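Listed here are the chains, written in short residue letters.
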Amino acid sequence: MHPNAELVTRFYEAFKDKDYRTMQACYHEEAEFQDEVFTLKGKEIGAMWHMLCERGADLSLHFHHVEADDRRGSARWRAGYTFSTTGRYVLNKLRAEFEFKDGKIYRHRDRFDFWRWSRHALGLTGWALGWSQMLRDKVQATADTNLRRFMDKNPEYKA
């Protein structure tokens, strides 16, 4: 197995175990992360995984199709969890794309169907508005506020 495929596998195994410290160690200090909700850099990425691991009491994770070479990699994964805002169960299917630098994850992009996610997480509201930029903006703003509050409470993420 290519060393970068081993890195991605280590990352997802740590996520399954809610081992955010190992997940953080997989990232380059100048890393960038983006998905349908977050756009993050550096320590923000580790803080997000820490927050999600800490809050994901019933989180289940499965990953497969890990591929990587010297520069790029990808994986498919799915997460099941209860969305705390609504108490609704979400099963989210994602495709991850990676770029590597110095043996670490340098860029990480997770892609998922936001409308599908919003229907699971928000029910009727997600079904009716999940396609709209208005709802996406609201979810992004709420997630960003939650992450900033989490970072404020955890001194290791202060600049």
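Everything below is about the structure printed above this text.
The rules behind each value
Residues numbered from 1 in each chain as written. Predicted model: local features only at pLDDT ≥ 70, side-chain atom pairs only at ≥ 80, totals over all residues. Heavy atoms only, no water. Pairing = 2+ DSSP bridges. Helix = DSSP H or I, 4+ residues; strand = E, 2+ residues; numbered from the N terminus. Axes fitted to C-alpha atoms, helices over the stretch in contact; angles between N-to-C directions. Expected span 1.5 Å × (residues − 1). Buried < 20%, exposed > 50% of the residue type's maximum accessible area, 1.4 Å probe, protein only.

Chemist: In this structure, what is going on with the sheet that holds strand S1 (residues 27–34)? I would like to understand it.
Modeler: Two pairing modes exist for strands in a sheet, parallel and antiparallel, and in both the strands are linked by backbone hydrogen bonds. One open sheet holds the 6 strands; their spatial order is S2-S1-S6-S5-S4-S3, and the pairing between them is mixed. Each edge of the open sheet is held by one strand with a lone partner, namely strand S2 (39–41) and strand S3 (60–68). Direction aside, the axes of adjacent strands within the sheet are offset by 15° on average. The pairing of S3 with strand S4 (residues 72–83) spans 7 bridges and is antiparallel. Residue pairing in the sheet places Phe63 in a bridge with Trp77 of S4.

Chemist: How do you make sense of helix H1 (residues 3–16) when you look at a structure like this?
Modeler: Residues spaced three or four apart along an α-helix face the same direction, because each turn holds 3.6 residues. Here H1 is 14 residues long and its end C-alpha atoms lie 20 Å apart, about the 20 Å a rise of 1.5 Å per residue gives. All of the buried residues along H1 are Asn4, Ala5, Leu7, Val8, Phe11, Tyr12, Ala14 and Phe15.

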